[in-house]
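Chain by chain, the residues:
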Amino acid sequence: MEHKRKILKGLEHRLYEHPFDKAALEKLEAIPFLTKASEWVTSNLVERVYTVQYTGSNLKVTNKNYPIIHQYLEEACRILDLKKVPDLYLQWSYGINACTIGAENPIIILNSGLIDLCDEDEIMFIIGHECGHIKSNHMLYHMMAQVINFIIDAISGASLISGGIQYALYYWNRMSEFTADRAGLLCCQNQEAMIRTFIKMAGLPIKEFKTIRTETFLQQAHDFKMLDYDNMNKVVKFLSIADESHPWTVMRSAELLKWIDSGGYKQCVI
Ligand SMILES: [Zn+2]
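Reading the values: the criteria
- Residues numbered from 1 in each chain as written.
- Predicted model: local features only at pLDDT ≥ 70, side-chain atom pairs only at ≥ 80, totals over all residues.
- Helix = DSSP H or I, 4+ residues; strand = E, 2+ residues; numbered from the N terminus.
- Core = buried A, V, L, I, M, F, W, Y, C linked by C-beta atoms within 7 Å.
- Buried ≥ 20, exposed ≤ 12 C-beta atoms within 10 Å, placed from the backbone.
- Contact = placed C-beta atoms within 7 Å.
- Pairing = 2+ DSSP bridges.
- Expected span 1.5 Å × (residues − 1).
- Arc of directions from axis to C-beta.
- Axes fitted to C-alpha atoms, helices over the stretch in contact; angles between N-to-C directions.
- Parallel < 35°, antiparallel > 145°, perpendicular 65-115°, else oblique.
- Nonpolar A, V, L, I, M, F, W, Y, C, P; charged D, E, K, R; others polar.

Student: Describe the environment of His18, and please don't skip the residues or the numbers.
Tutor: Structurally, His18 can be placed in the segment before helix H1 (19–29). Remark: the alpha-carbon pair of His18 and Ala180, spanning 162 residues in sequence, is separated by 8.8 Å.

Have a look at this one:
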């Protein structure tokens, strides 16, 4: 089953970024308040406050204690040409997932369930997704999306600002997932594994893991009707930003399949 993954030396994130991510980011960057907000985030050590809860609670993974897990990350960074290998932690949770927090010094946190319930390529898909967020410099705005209400309260005069900023951030946050998924696929380089990961995340019970049927899920993803940019924006206004409650596995698979069909994936791995 093992296959050698290609190292994508010199890979540029712009080559594979999702157009919805780019469009939403351009809108965000045009909001003057966010420059102020990012200065506030830096001067108030939000990254430290934010990361300390993870570094103070979870298991740090190194090459010495859990070399196999650390090697997944090292390989992902090599494949995606990510210059600095971020710190890696494990947290006890059985949702098949991971997250990245921080901005200047981001750390990746993998759920124990990801390691126990996924095979190597599936793990590489998720780790590649997280590395993709770092590679595309998503982290500062990601952190702001988490704490934006707090920032708006904290900066005097900011109460005049409408809820539009929150929504713009939440919306971009969601769209950035599409880009990160592309990085995940570029990292694992196994489309079947990508689909299997989404099936598991979408709710397949462990008892059924031995008989995963990718064809029916592929059909479901092909049949899924994506909203256009504006309507998607409206939907996001009503949604929580919590990935756990809305992992959007079918929609994300559909977007990745479209990218593969368009030849975008191939262009990056050639
Ligand atoms: Zn993500």
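More follows now that the structure is in view.
Student: With reference to specific residues and values, describe the nonpolar core.
Tutor: Ala76, Leu80, Ile127, Cys131, Met144 and Cys187 are the most contacted members of the largest nonpolar core, which has 64 residues in total. Top element by residues in this core is helix H8 (residues 164–188). It accounts for 13 residues. When neighbours within four sequence positions are excluded, Cys131 is seen to be in contact with Ala76, Cys77, Leu80, Leu82, Ala183 and Cys187.

Student: Any chance you could break down the pairing of strand E2 (residues 87–91) for me, citing the residues and the numbers?
Tutor: Where strand E1 (residues 59–61) lies against E2, three bridges are found, and the strand directions are antiparallel. Paired with Lys60 across the strands is Tyr89, a residue of E2. By the bridge criterion, five bridges tie E2 to strand E4 (residues 107–111) in an arrangement that is parallel. Directly across from Tyr89, in E4, lies its bridge partner Ile109.

Student: Before we move on, can you summarise helix H4 (residues 67–80) with the specific residues and values?
Tutor: Helix length check: H4 (14 residues) gives 20 Å between terminal C-alpha atoms against 20 Å at 1.5 Å per residue, within 8%. What H4 keeps buried is the set Tyr72, Leu73, Ala76, Cys77, Ile79 and Leu80. Along the axis of H4, the buried positions cluster into a sector of 165 degrees, meaning they face one direction only. Opposite the buried face of H4, at more than 90 degrees from it, the exposed residues are Pro67, Ile68 and Gln71. The elements touched by buried residues of H4 are E2, E4, helix H6 (120–135) and H8. Just beyond H4, the residue with positive phi is Asp81, at close to 55 degrees.

Student: Let's hear about the environment of Phe20: which residues, and what values?
Tutor: Along the polypeptide, Phe20 turns up in helix H1. In this structure Phe20 comes out as buried when scored by C-beta crowding, with 22 C-beta atoms within 10 Å. For Phe20 and Arg174, which are 154 residues apart along the polypeptide, the C-alpha to C-alpha distance reads 9.6 Å.

Student: For the sheet that holds E4, give the residues involved together with the corresponding values.
Tutor: Taken in spatial order, the four strands make up an open sheet running E1-E2-E4-E3, and their pairing is mixed. The two strands at the open ends of the sheet, each matched to only one other strand, are E1 and strand E3 (98–101). Direction aside, neighbouring strands of the sheet carry axes that sit 30 degrees apart on average. Across the sheet, helix H3 (residues 46–55) is in contact with E2, E3 and E4; its angle to E4 comes to roughly 40 degrees.

Student: I'd like a rundown of the packing of helix H9 (residues 191–202) against helix H10 (residues 214–223), residues and numbers included.
Tutor: Where H9 meets H10, the closest approach of the two axes is 10 Å, and the angle between their N-to-C directions is 80 degrees. The angle between H9 and H10 falls in the class roughly perpendicular. The residues of H10 that touch H9, namely those facing Glu192, Ile195, Arg196 and Ile199, are Thr214, Phe217 and Leu218. Taken together, the residues that form the contact of H9 with H10 break down as four nonpolar, one polar and two charged.

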